[in-house]
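# Fold and contact review
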Amino acid sequence: MNILYLSEPDPRMTHFGGAQRTNYIWRALQEVGDVYTMTFDQRFETEEVAPRLWYVKKLQIVNPLRDFFYKLQYKLLYPLQVLQCFPLATKIEKTADEIFPGIKFDVVVCRYLDVLGEMHLWGHPLLIVDIDDDPLQMFDTAKSRSMNPLLRHLGRWILKCQLQFLSRKMTLGWLSNASQVNACRIRVPLAALRNISAVPSVDYEPEATRKMQILSVGALDYAPNYLGIDYFLTEIWPTVHKAFPDLNYVIVGKNAPTVYVEKWKSSPNVIQMGFVDNLEQLYAESLCTVVSVGSGGGTCIKTIESLSYGRVCLSTPFGIRGHEDAVASSDIGLYAFNDASHFVELLNDKVMNQTGRSVHEMAARQYAEENFSFKAFADTVKQTVQNVVNQ
């Protein structure tokens, strides 16, 4: 089976949650057939960077008239925070037919609706799109928060129209949150492809000596992540610091807006580490992790990653989405906090008691291993692709 994989980032990259999902889909598709990959960027030249893996350059300037209208549509629609599904497509230097001549593709898999809509990449009879996060939930909880009501209503209406249009171009879509499959407004067959995270290496020491620190990890150029940490430092951390004055809060992630970086420096016992290539030592040394997101879509990969590393995770209710049934029915080392006093209560009950913490950590690792393995992820990809091709 010949599969064309269309992706914005290089699928070999794994340094943040979204890139990891791109990589996992790419690897899973290689277990189904021969994968031919095109990844798009205006910064690089069009070239083959690995066997059957091509960087393809976006052409932003084609001719003066087209360039004027391209920039005009972008200027009009970008402030509305809708998909990059514009009437005038972004041109690319070479098409799949030119890069892979003579190859007949049995199915095309596209990572993200934006990639599909921006460059009008729908000229294939069988097209699977990894939608990942519900676009309307992303819009409602994150993208539209700073918009005035009139623009918010207009943007939401345009987004719904875009989704209806793109639905007619797709064969099937994947969502990362299974509970959104029936609720999503995209009018095309949908299937759940749950997020998985990086897993510990064989050298990871889950029983390592702990420091008096709690940990948050995330890409800090992503608004739900840095807004979540800002909420935690403003609303939760002062009470936590008063109750545990020796406790440190370690923040890992790069490219946070400067205004927030400077603001967070005034918070006591807060350590901003920027990008960390290997997180294992930090997970091993930390008492627990904190997921403070209050917006976004899909499921939070860092919640799963924390459980995979055998660390209790204290999360906002929004951060446990996708795990609600498991949290309600059993102890999986994942607990939702409602406010500062509740967070302190959970720290006392679930984290500071070493004997009890060990039980919760063991439950966390067991839950992650049973439900979020690469094998289960790859099996879902293989079954979906084979069903689409054989239908």
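Look up a bit, the structure's there.
Predicted model, so just to flag it, every value in this text is computed and none were measured.

### Digging into the sheet that holds strand β12 (residues 270–274)
- An order of β12-β11-β10-β13-β14-β15 is seen for the six strands of this open sheet, with the pairing classed as parallel. Strands at the two margins of the open sheet, each flanked by one partner only, are β12 and β15 (334–336). When the angles between neighbouring strand axes are averaged without regard to direction, this sheet yields 25°.
- Taken together, the four bridges between strand β11 (residues 248–252) and β12 define a ladder with parallel strand orientation. Bridge assignment links Val252 to a residue of β12, and that residue is Gly274.
- Across the sheet, helix α7 (residues 223–243) touches β10 (213–217), β11, β12 and β13 (288–291), and the angle it forms with β11 is around 170°.

### So, the environment of Ser146
- In this fold, Ser146 is placed in the loop between α5 (135–143) and α6 (149–167).
- Given the relative accessible area of 74%, Ser146 is considered exposed.
- Sequence separation of Ser146 and Pro238 is 92 residues, and the distance between their C-alpha atoms is 26 Å.

### Observations regarding the pairing of strand β1 (residues 2–7)
- The buried fraction of β1 is high, at six of six residues.
- With burial as the criterion, each face of β1 is covered, one bearing Asn2, Leu4 and Leu6 and the other bearing Ile3, Tyr5 and Ser7.
- Bridge count between β1 and strand β6 (residues 107–111): four bridges; the pairing is parallel. Residue pairing across strands places Leu4 opposite Val108, the latter belonging to β6.

### Structural notes on helix α13 (residues 354–371)
- In a regular helix each residue adds 1.5 Å, so 18 residues correspond to 26 Å; α13 covers 26 Å between its end C-alpha atoms and thus fits that length.
- All buried positions along α13 are accounted for by Arg357, His360, Glu361, Ala363, Ala364, Tyr367 and Ala368. For α13, the buried positions fall inside an angular range of 160° around the axis, keeping them on one side. α13 presents Thr355, Val359, Met362, Glu369 and Glu370 as exposed residues on the side facing more than 90 degrees away from its buried surface.
- At its buried positions, α13 is contacted by α10 (301–308), α11 (324–329), β15 and α12 (340–351).

### A short note on the packing of aromatic side chains
- In this structure the tally under the stated criterion is 21 aromatic pairs.
- Here Tyr204 and Tyr309 contribute two aromatic rings whose centre-to-centre distance is 5.0 Å and whose plane-to-plane angle is 85°, an arrangement assigned as edge-to-face. Linking Tyr204 in the loop between β9 (190–192) and β10 with Tyr309 in the loop between α10 and β14 (313–315), this pair joins segments that are 105 residues apart in sequence. Each member of the pair Tyr204 and Tyr309 is classed as buried.
- Through a chain of ring-to-ring contacts, three or more aromatic side chains come together here, namely Phe232, Trp237, Tyr249, Phe337 and Phe343.

### With respect to the environment of Phe69
- By the secondary structure assignment, Phe69 is in helix α2 (residues 64–77).
- A relative accessible area of 42% means that Phe69 is categorised as partly exposed.
- Separated by 19 residues in sequence, Phe69 and Leu88 place their C-alpha atoms 7.9 Å apart.

### Describing the nonpolar core
- Leu4, Met38, Phe40, Leu113 and Leu116 are the most contacted members of the largest nonpolar core, which totals 43 residues.
- Ranked by residue count, the leading element in this core is α6, at four residues.
- Not counting residues within four places of it along the chain, the set of residues in contact with Leu113 comprises Leu83, Val129, Asp130, Ile131, Pro135, Leu163, Leu166, Met170 and Ile186.
- Core analysis: the second largest hydrophobic core is formed by 39 residues, Tyr5, Ile196, Ala364 and Tyr367 among them.

### Digging into α2
- Here α2 contains 14 residues, and its C-alpha end-to-end distance of 20 Å stays within 8% of the 20 Å for a straight helix at 1.5 Å per residue.
- Arg66, Asp67, Tyr70, Gln73 and Leu77 are the residues of α2 that are buried. In an axial view of α2, the angular spread of the buried residues amounts to 135°, which keeps them on one side of the axis. Looking at α2, the residues exposed on the side facing more than 90 degrees away from the buried face are Pro64, Leu65, Lys71, Lys75 and Leu76.

Conventions adopted
- Residues numbered from 1 in each chain as written.
- Predicted model: local features only at pLDDT ≥ 70, side-chain atom pairs only at ≥ 80, totals over all residues.
- Heavy atoms only, no water.
- Pairing = 2+ DSSP bridges.
- Helix = DSSP H or I, 4+ residues; strand = E, 2+ residues; numbered from the N terminus.
- Axes fitted to C-alpha atoms, helices over the stretch in contact; angles between N-to-C directions.
- Contact = heavy atoms within 4.5 Å.
- Buried < 20%, exposed > 50% of the residue type's maximum accessible area, 1.4 Å probe, protein only.
- Expected span 1.5 Å × (residues − 1).
- Arc of directions from axis to C-beta.
- Phe/Tyr/Trp six-rings, centres within 6.5 Å; stacked < 30°, edge-to-face > 60°.
- Core = buried A, V, L, I, M, F, W, Y, C linked by side-chain atoms within 4.5 Å.

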